[in-house]
Amino acid sequence: MGAITMATTKRALITGVTGQDGAYLSQLLLSKGYEVHGLLRRSASAEVVDARLRWLGIAGHIRQHDGNLTDLSGLIRVLREVRPDEVYNLAAQSFVKSSWQQPLLTGSVTGIGAANMLEAVRLEAPEARFYQASSSEMYGLIQEPVQSETTPFYPRSPYAAAKLYAHWMTVNYRESFGLHASSGILFNHESPLRGIEFVTRKITDGVARIKLGLSQTLSLGNLDAKRDWGHARDYVQAMWLMLQQDTADDYVIATGRTVSVREFCRLAFDKAGLDMDDHVRIDERFMRPAEVDVLLGDASKARTRLGWTPETTLEDLVGEMLEADIRRLGMQADR
Ligand code: NDP
Ligand code: GDR
């Protein structure tokens, strides 16, 4: 009789599991039959921390572990307990604007935190595959009109500088210790689960409020900044694909289309049947000490090697976010 092969359940550990990407990635991995473990930092408001996971109806399916990216011993303990096949390091102080107010915290969490995670993996789970959430912000003051894996970096914020350190540490651990460590250089990706302080969600929430008569104006900063915006649901697929490859590598993930904040805004107001010029105000408070004027990614390497392509158009993304915000605000008003 031949040997019986048992299908084993893969175990994944996600840091930043309560964030936008953590929620969609958890949903994806659960749908693939993974055992999903999440690192959660302790909060006095525990009832709101897993709101995104509850929104997707998966909170009860995530095995939660207390931990903080700044605490190496805790990370080692969690890795020892979970013994994951795949580790996705998504946790970060991820709001660029805040990084000027809290540069050292951003450095500790977004930069050193990633190094802590790599070190914990090297010590406790060296066979695990590792994903680092790198960012198009690393291109900052762009050195080429279209950015790919070979474009030089020029970070323009404490956040971007911290991400660049984490990025190079990931490459370094791959080359020094042979870790299967990949870095996804993801361009902006949004969804109804996007944090309210980021410009896209601020816009769809603001337009929904105006539509429902809850507000009259929407205050924004630099409307001329241009971004390559995709849907988070499509982008977490790319993270998973990177860890299914025989060899680890770095990949740009982007749509290849860039539009200004103004154009994004106009799309949202148009969808609501409103005129943005009647409602948008410019407020200096939302300007940045240094701006990333334009980002546009070339994801050909991901398309060729991973077979990845984005599925959601910008128009559909705006529509989905706006509808979700109108529904959400409507439900709050009914309470
Ligand atoms: P979010 O801001 O939505 O989520 C960040 C997550 O990190 C949250 O779960 C947060 O927990 C957690 N976190 C923050 N500090 C710590 C800490 N000290 N210890 C443990 N966990 C912590 O980010 P996104 O989901 O949008 O992004 C995921 C990752 O991808 C981030 O690293 C981000 O910088 C990066 N990225 C994002 C892009 C995007 O467009 N969305 C593009 C490129 C990169 P809590 O809920 O408790 O606050
Ligand atoms: P970003 O996202 O900085 O690109 O980082 P954000 O949505 O904050 O800003 C995008 C652009 O919009 C301009 N802007 C405003 N931004 C905010 N937040 N609020 C405003 O009122 C406003 N008005 C104009 C900004 O100046 C900027 O040019 C996101 C984060 O998810 C990072 O973690 C990630 O690494 C990058 O995307 C890729």
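The coordinates are above.
Caption draft 1: Looking closely at the environment of A125. Tracing the backbone shows A125 in the loop between helix 6 (103-124) and strand 5 (129-135). A125 sits in the buried class, given a relative accessible area of 8%. Leaving out residues up to four positions away in the same chain, A125 has contacts with L79, P84 and A120.

Caption draft 2: Expanded view of the sheet that holds strand 2 (residues 35-40). Spatial strand order, 3-2-1-4-5-6-11: seven strands in an open sheet with parallel pairing. Both edges of this open sheet fall to strand 3 (63-66) and strand 11 (250-253), since each of them pairs with a single strand only. The average angle at which neighbouring strand axes cross in this sheet is 20°, direction not considered. Pairing of strand 1 (residues 11-15) with strand 2 involves five bridges; the strand directions are parallel. Within the sheet, the bridge partner assigned to A12 lies in strand 2 and is V36. Helix 1 (residues 20-31) rests against strand 1, strand 2 and strand 4 (86-89) of the sheet, and its axis sits at about 175° to strand 1. Against the sheet, helix 4 (residues 72-82) makes contact with strand 1, strand 2, strand 3 and strand 4, and its axis sits at roughly 150° relative to strand 3, the strand it touches most.

Caption draft 3: Representation of the packing of aromatic side chains. This model, assessed by the stated rule, comprises eight aromatic pairs. Through pairs of rings, three or more aromatic residues link up here, namely Y139, F153, W168 and F187. Taking NZ or CZ as reference, R122 lies 4.3 Å from the ring centre of F177, over its face. Directly above the aromatic system of F198 lies the positively charged group of R194, at a separation of 3.9 Å from the ring centroid.

Caption draft 4: Main features of the environment of G60. Among the structural elements, G60 can be located in the loop between helix 3 (51-55) and strand 3. Owing to a relative accessible area of 77%, G60 belongs among the exposed residues under this scheme. Residues G60 and D50, spaced 10 residues apart in sequence, show a C-alpha to C-alpha distance of 10.0 Å.

Caption draft 5: Here's a closer look at the site of ligand 2. With respect to spatial proximity, 22 residues lie near ligand 2, and among them S94, S135, Y159, R288 and E291 are the closest. Contact distances for ligand 2 include 2.5 Å between an oxygen atom and a side-chain N or O atom of Y159. Within the backbone of E197, a nitrogen or oxygen atom sits 2.9 Å from a nitrogen atom of ligand 2. When the free accessible area of ligand 2 is taken as 700 Å², the share hidden by the protein chains comes to 95%. Residues that form the shell around ligand 2 fall into these classes: nine nonpolar, six polar and seven charged. There are two domains that each give the shell around ligand 2 at least three residues, and those are domain 1 (11-192 + 229-257 + 296-311) and domain 2 (199-223 + 259-292 + 321-334).

Caption draft 6: Structural view of helix 10 (residues 261-271). All buried positions along helix 10 are accounted for by V261, F264, C265, A268 and F269. Seen end-on, helix 10 carries its buried residues on one side only, within an arc spanning 130°. Directly after helix 10, the chain includes G273, whose backbone phi takes a positive value near 75°.

Caption draft 7: Structural view of helix 1. Its 12 residues give helix 1 an end-to-end C-alpha distance of 17 Å, which sits within 8% of 16 Å, the value for a rise of 1.5 Å per residue. Most of helix 1 is tucked away: nine of the 12 residues are buried. If you check which residues of helix 1 are buried, you get Q20, D21, G22, A23, Y24, L25, S26, L28 and L29. One or two positions beyond helix 1, positive phi appears at G33, with a value near 90°.

Caption draft 8: Quick peek at the site of ligand 1. As a matter of local geometry, ligand 1 sits amid 24 residues, with T18, R41, N68, S94 and Y159 nearest to it. Q20 has a polar backbone atom sitting 3.1 Å from an oxygen atom of ligand 1. Here an oxygen atom of ligand 1 and a side-chain polar atom of R41 are 2.8 Å apart. In isolation ligand 1 exposes 900 Å². Once the protein is present, 89% of that is buried. Of all the secondary-structure elements, those providing two or more residues to the shell around ligand 1 are helix 1, strand 5 and helix 7 (158-177). With three residues, strand 5 is the single largest residue contributor to the shell around ligand 1. Among the residues forming the shell around ligand 1, the class breakdown is 10 nonpolar, 10 polar and four charged.

Caption draft 9: View of the pattern of salt bridges. Evaluation of the coordinates by the stated rule reveals 20 salt bridges. Of the charged contacts in the structure, one is a salt bridge between R257 and E315, with a shortest N-O distance of 2.9 Å. Separated by 58 residues along the polypeptide, R257 in the loop between strand 11 and strand 12 (259-260) and E315 in helix 12 (residues 314-334) bring together distant segments of the chain. Given a relative accessible area of 39%, R257 falls into the partly exposed group.

Reading guide: rules and limits
Residues numbered from 1 in each chain as written. Chains lettered and ligands numbered in written order. Predicted model: local features only at pLDDT ≥ 70, side-chain atom pairs only at ≥ 80, totals over all residues. Heavy atoms only, no water. Helix = DSSP H or I, 4+ residues; strand = E, 2+ residues; numbered from the N terminus. Buried < 20%, exposed > 50% of the residue type's maximum accessible area, 1.4 Å probe, protein only. Contact = heavy atoms within 4.5 Å. Pairing = 2+ DSSP bridges. Axes fitted to C-alpha atoms, helices over the stretch in contact; angles between N-to-C directions. Phe/Tyr/Trp six-rings, centres within 6.5 Å; stacked < 30°, edge-to-face > 60°. Lys NZ or Arg CZ within 6 Å of the ring centre and 35° of its normal. Near = heavy atom within 4 Å. Polar contact = N/O pair within 3.5 Å; in protein donor to acceptor, adjacent residues only side chain to side chain. Areas by Shrake-Rupley, 256 points an atom, 1.4 Å probe, with all protein chains shown as cover. Nonpolar A, V, L, I, M, F, W, Y, C, P; charged D, E, K, R; others polar. Domains from an automatic or database assignment. Arc of directions from axis to C-beta. Expected span 1.5 Å × (residues − 1). Salt bridge = Lys/Arg side-chain N within 4 Å of Asp/Glu carboxyl O.

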